[in-house]
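# Topology and contacts: notes
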Amino acid sequence: MARPGRRSERSAALPGPVIAAVTPQRKGAIRRNLLKWYRANARDLPWRRTRDPYAVWLSEILLQQTRVDQGLPYYERFLKQFPNVKSLARADEHAVLKTWEGLGYYSRARNLHKAARVVVNESGGAFPSDAAGWQALPGIGRYTAGAIASIVYGERVPVLDGNVIRVLTRLFDIGDCSDAPSVRERLWGLADELVPNSDPGDFNQAMMELGASVCAPRNPSCDECPLMNVCEARKAGTQLSRPVRAAKKPVPHKEMVLGAVVKNGRVLIARRPSSGLLGGLWELPGGEVSAGESHAKTLRRCMKDATGIHVKVGGLVASVDHAYSHFKVTLNVYQCDYVSGDATAHEHDEIKWMTRARLEEFAFPKAHHKFLHLL
Ligand code: SF4
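Keep in mind the model is a prediction, meaning the values are calculated, not measured.

### Side note on the overall build of the protein chain
The helix and strand tally for the protein chain stands at 14 helices and 7 strands. The dimensions of the protein chain, computed from C-alpha atoms along their principal axes, are 75 × 50 × 35 Å. The long-range fraction of contacts in the protein chain, counting pairs at least 24 apart against all pairs at least 6 apart in sequence, stands at 69%.

### Description of the domain arrangement of the protein chain
If you check the domain split of the protein chain, you get domain 1 (6–241) and domain 2 (253–374). The C-alpha centroid of domain 2 is placed 38 Å from the C-alpha centroid of domain 1. Facing the 10 residues of domain 1 at the interface are 9 residues of domain 2. Secondary structure elements with two or more residues in the side of domain 1 that touches domain 2: α6 (93–100) and α7 (107–123).

### Let's talk about the site of the ligand
Among the 15 residues in the neighbourhood of the ligand, the closest are listed as Cys 215, Pro 220, Cys 222, Cys 225 and Cys 231. Breaking the shell around the ligand down by element, the ones donating at least two residues are α10 (162–171) and α13 (232–236). Split by residue class, the shell around the ligand holds 11 nonpolar, 2 polar and 2 charged.

### Considering the packing of α6 against α7
With their axes 9 Å apart at the nearest point, α6 and α7 run at an angle of 135° to one another. As summarised for this structure, α6 and α7 are arranged oblique, according to the angle between their axes. The two elements α6 and α7 meet at a crossing, and its hand is right-handed. Mapping the contact onto sequence places Glu 93, Val 96, Leu 97 and Trp 100 in α6 and Ala 109, Arg 110 and His 113 in α7. Residue composition of the contact of α6 with α7, by class: 4 nonpolar, 1 polar and 2 charged.

### Here we look at the nonpolar core
Grouped burial of nonpolar side chains is what soluble globular proteins tend to show. With 93 residues, the main nonpolar core has Ile 148, Val 164, Leu 168 and Ala 191 as its most contacted residues. Domain assignment of the residues forming this core places at least three in each of domain 1 (6–241) and domain 2 (253–374).

### Side note on unusual backbone geometry
Residue Pro 243 is reached from Arg 242 by a cis peptide bond, and omega for that bond is -5°. If you trace the backbone, Pro 243 turns up in the loop between α13 and β1 (253–263). Within the chain, Asp 199 stands out as a residue other than glycine whose phi angle is a positive 55°. Inspection of the secondary structure puts Asp 199 in the loop between α11 (181–194) and α12 (200–212). Using a count of 18 C-beta atoms within 10 Å as the deciding quantity, one classes Asp 199 as partly exposed. Even without being a glycine, Leu 278 presents a positive backbone phi close to 55°.

### Section: the packing of α10 against α11
In contact at an axis separation of 11 Å, α10 and α11 are set at 85° when each is read in the N-to-C sense. Considering the angle they form, α10 stands roughly perpendicular to α11. Of α11, the residues touching α10 (which contributes Val 164, Ile 165 and Leu 168) are Leu 187, Leu 190 and Ala 191. Residues belonging to the contact of α10 with α11 are distributed by class as follows: 6 nonpolar, no polar and no charged.

### Looking at the pairing of strand β5 (residues 310–323)
Where β5 and strand β6 (residues 328–340) come together, 11 bridges link them in antiparallel fashion. Bridging from a neighbouring strand, Ala 323 pairs with Lys 328 of β6. The loop that links β5 with its antiparallel partner β6 comprises 4 residues.

### Describing α6
All buried positions along α6 are accounted for by Val 96, Leu 97, Thr 99 and Trp 100. All buried residues of α6 project into a common sector of 160° when viewed along the axis, lining one side. Positive phi shows up at Gly 102, right after α6, with a value of about 95°.

The rules we used
- Residues numbered from 1 in each chain as written.
- Predicted model: local features only at pLDDT ≥ 70, side-chain atom pairs only at ≥ 80, totals over all residues.
- Helix = DSSP H or I, 4+ residues; strand = E, 2+ residues; numbered from the N terminus.
- Contact = placed C-beta atoms within 7 Å.
- Domains from an automatic or database assignment.
- Near = placed C-beta within 6 Å.
- Nonpolar A, V, L, I, M, F, W, Y, C, P; charged D, E, K, R; others polar.
- Axes fitted to C-alpha atoms, helices over the stretch in contact; angles between N-to-C directions.
- Parallel < 35°, antiparallel > 145°, perpendicular 65-115°, else oblique.
- Left-handed = near helix turned anticlockwise from the far one by under 90°.
- Core = buried A, V, L, I, M, F, W, Y, C linked by C-beta atoms within 7 Å.
- Buried ≥ 20, exposed ≤ 12 C-beta atoms within 10 Å, placed from the backbone.
- Pairing = 2+ DSSP bridges.
- Arc of directions from axis to C-beta.

Dropping the structure here:
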């Protein structure tokens with residue numbers, strides 16, 4: 001799985017805004033002060049007590065879009081249910097998604113599952129031994145590969161996530177837009193330059209921990225920072241305007257209608273296609289309201305298109321708002337009476353009539369948990 005040469009390609013000189021070279025003295029001070037601070041202040045977290053690649057990999061995937069306090073119970077539950085890569089590879093996707101239910105960004109769980117199958121089927125359960133090998137697995141990018149390889153194997157590779165970007169742009173007072181690809185490459189280069197030969201994993205975790213705690217986005221605690229004497233933004237008073245980010249696009253809003261269709265005491269549920277948003281999760285069928293179309297008309301149309309059944313739309317059960325990373329949605333859930341037709345999955349991978357009592361066996365999106373108890 002190893003792909004020799006990737007690191008040298010990445011380290012090659014790239015065009016982009018100039019970032020001051022790091023003098024050996026400054027580099028030494030950053031490394032020493034940061035590692036000393038980390039060893040005295042690092043939070044005691046379960047994935048920091050192990051060098052098991054599987055557990056470290058799981059923690060890195062979990063923490064990509066999730067706060068530590070939210071991720072902790074999922075980490076423990078996931079390891080209990082799938083204690084090693086072989087048990088994860090053997091599991092069916094439904095069980096994996098059920099364990100991930102409520103955490104969001106479900107492609108993380110689907111990719112963990114796919115990658116476990118690659119590791120077991122192609123390498124007999126042996127994990128890649130370097131960052132390039134990890135990066136070849138589904139769902140593992142440069143950041144995750146660097147984190148796992150430096151923490152587990154002591155490989156001298158950098159990491160660059162939102163926390164590290166904030167620390168670096170402040171330490172070096174970088175006023176160029178950190179979302180620009182050329183600046184991002186320079187930041188990778190800078191991170192690469194700073195990471196030491198010894199304890200690269202601790203150094204990388206220290207950078208992330210500093211960004212997550214002391215060098216906070218709105219309220220950096222510069223007076224308590226181990227890097228206060230080498231931080232250019234602190235000297236210039238520009239901390240709060242670093243990093244410079246691209247202007248955010250307005251977030252679109254969607255109006256959706258969903259039907260709680262009941263037939264013989266059972267509710268109709270459907271499984272979303274495995275790829276794409278909320279892939280593999282179950283939901284009440286429905287669709288997006290078009291401009292000028294009433295909720296009832298939309299629901300009758302969407303039910304027919306998605307499931308082939310005709311319904312009589314009844315009262316509103318709930319109206320809930322939910323925010324995804326790229327859009328916001330209002331879900332209007334209506335009680336519906338089944339009228340005619342055979343339920344068939346036209347737009348889903350699977351469709352079922354299910355008793356209310358058994359709904360909890362299925363993995364639903366977080367937004368559905370805001371109203372499922374009302375059915
Ligand atoms: S001195 Fe302040 S701005 Fe600079 S790295 Fe430390 S916390 Fe961040």
